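# Structure assessment
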Amino acid sequence: MQRKPFTAPTILVTGSNGQVGFELRRSLAPLGNVVALDRAGCDLSKAEGLRRVVREHRPAVIVNAGAYTAVDKAETDSDLAFAVNGVAAGVLAEEAIALGSLLVHYSTDYVFDGTAPGAYVEKDAV
Ligand SMILES: NC(=O)c1ccc[n+]([C@@H]2O[C@H](COP(=O)([O-])OP(=O)(O)OC[C@H]3O[C@@H](n4cnc5c(N)ncnc54)[C@H](OP(=O)(O)O)[C@@H]3O)[C@@H](O)[C@H]2O)c1
């Protein structure tokens, strides 16, 4: 029986110049073919462009390390903050489902109080 040649899975990392994204570029490299994209390569505020990028690369894993992180500015720049932190996460989730891919999304650490004994789930009180 002939074995299929091993193809390293494509891992798409967004926000690759950020603190988390930069570290993930290095730490994920042994696990697959890392496609690390910064804002210029993958603008999270442009939903249709974001879909196109995901469909082009067809990643097995999407790691969303990009985020609008200027917390105070987000109060006045709420449309952009919502597009990047809210809508884009939804777009990535939809594309991941369509591809059968895994999506890893990093939330802010200002949502839960950190006292739970185990992992938090989506329905936990914020
Ligand atoms: N760092 C931590 O210790 C920590 C802890 C808990 C949770 N987190 C979460 O992890 C995520 C990343 O945090 P971080 O510390 O790495 O933040 P960061 O250093 O501010 O990096 C955020 C990255 O997102 C990019 N970005 C912003 N708007 C974008 C857009 N429209 N399209 C594409 N990329 C965009 C930024 O690009 P530019 O460089 O072009 O601005 C930047 O590279 C956040 O959700 C944060 O809440 C981080």
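Structure: above.
Report on the accompanying structure. (Residues numbered from 1 in each chain as written. Predicted model: local features only at pLDDT ≥ 70, side-chain atom pairs only at ≥ 80, totals over all residues. Heavy atoms only, no water.)

## So, the site of the ligand
- Around the ligand, the surrounding shell holds 19 residues, and the nearest of these are Gln-19, Val-20, Arg-39, Leu-44 and Thr-69.
- Within the backbone of Gln-19, one N or O atom sits 2.9 Å away from an oxygen atom of the ligand.
- In the model, an oxygen atom of the ligand is placed 2.6 Å from a nitrogen or oxygen of the Thr-69 side chain.
- Compared with its free state, where it exposes 890 Å², the ligand has 71% of that area covered by protein.
- Its atoms largely coinciding with the cavity grid, the ligand occupies the largest pocket.
- Looking at the shell around the ligand, its residues break down into seven nonpolar, nine polar and three charged. (Near = heavy atom within 4 Å. Polar contact = N/O pair within 3.5 Å; in protein donor to acceptor, adjacent residues only side chain to side chain. Areas by Shrake-Rupley, 256 points an atom, 1.4 Å probe, with all protein chains shown as cover. 1 Å grid on protein atoms, 1.4 Å probe; cavity = no way out; pocket = protein on both sides within 12 Å on 5 of 7 lines; lining within 4 Å. Sits in = over half its atoms within 2 Å of the grid points. Nonpolar A, V, L, I, M, F, W, Y, C, P; charged D, E, K, R; others polar.)

## A few points about helix H1 (residues 19-28)
- For H1, the complete set of buried residues consists of Gly-21, Leu-24 and Leu-28. What you see down the axis of H1 is that its buried residues fit within an arc of 60°, all on one side. Along H1, the residues that are exposed and aim more than 90 degrees away from the buried face are Gln-19 and Arg-26. (Buried < 20%, exposed > 50% of the residue type's maximum accessible area, 1.4 Å probe, protein only. Helix = DSSP H or I, 4+ residues; strand = E, 2+ residues; numbered from the N terminus. Arc of directions from axis to C-beta.)

## Focus: unusual backbone geometry
- Residues other than glycine seldom take positive phi values, yet Arg-58 does so here, at roughly 45°.
- Topologically, Arg-58 is positioned in the loop between helix H2 (47-57) and strand E3 (61-64).

## Notes on the nonpolar core
- Of all hydrophobic cores here, the largest spans 16 residues; its most connected members are Leu-12, Leu-37, Leu-44, Leu-50, Ile-62 and Leu-92.
- For this core, the element with the highest residue contribution is helix H3 (residues 78-99), accounting for six residues.
- Beyond its immediate chain neighbours, meaning those up to four positions away, Leu-50 contacts Cys-42, Asp-43, Leu-44, Ala-88, Val-91 and Leu-92.
- Within the second largest apolar cluster, seven residues are counted, among which are Ile-11, Leu-24, Val-61 and Ala-65. (Core = buried A, V, L, I, M, F, W, Y, C linked by side-chain atoms within 4.5 Å. Contact = heavy atoms within 4.5 Å.)

## Some words on the sheet that holds strand E1 (residues 10-14)
- Read from one edge to the other, the open sheet built from four strands follows the order E2-E1-E3-E4, with strand pairing classed as parallel. Lying at the two open borders of the sheet, with one neighbouring strand each, are strand E2 (33-37) and strand E4 (102-105). Across the sheet, the mean angle from the axis of one strand to that of its neighbour is 15°, orientation sign disregarded.
- With four bridges connecting them, E1 and E3 associate as parallel partners. Looking at the pairing, Ile-11 lines up with Val-61 of E3.
- Contacting E1, E2 and E3, H1 runs over the sheet at an angle of about 165° to E1.
- Against the sheet, H3 makes contact with E3 and E4, and its axis sits at roughly 160° relative to E4, the strand it touches most. (Pairing = 2+ DSSP bridges. Axes fitted to C-alpha atoms, helices over the stretch in contact; angles between N-to-C directions.)

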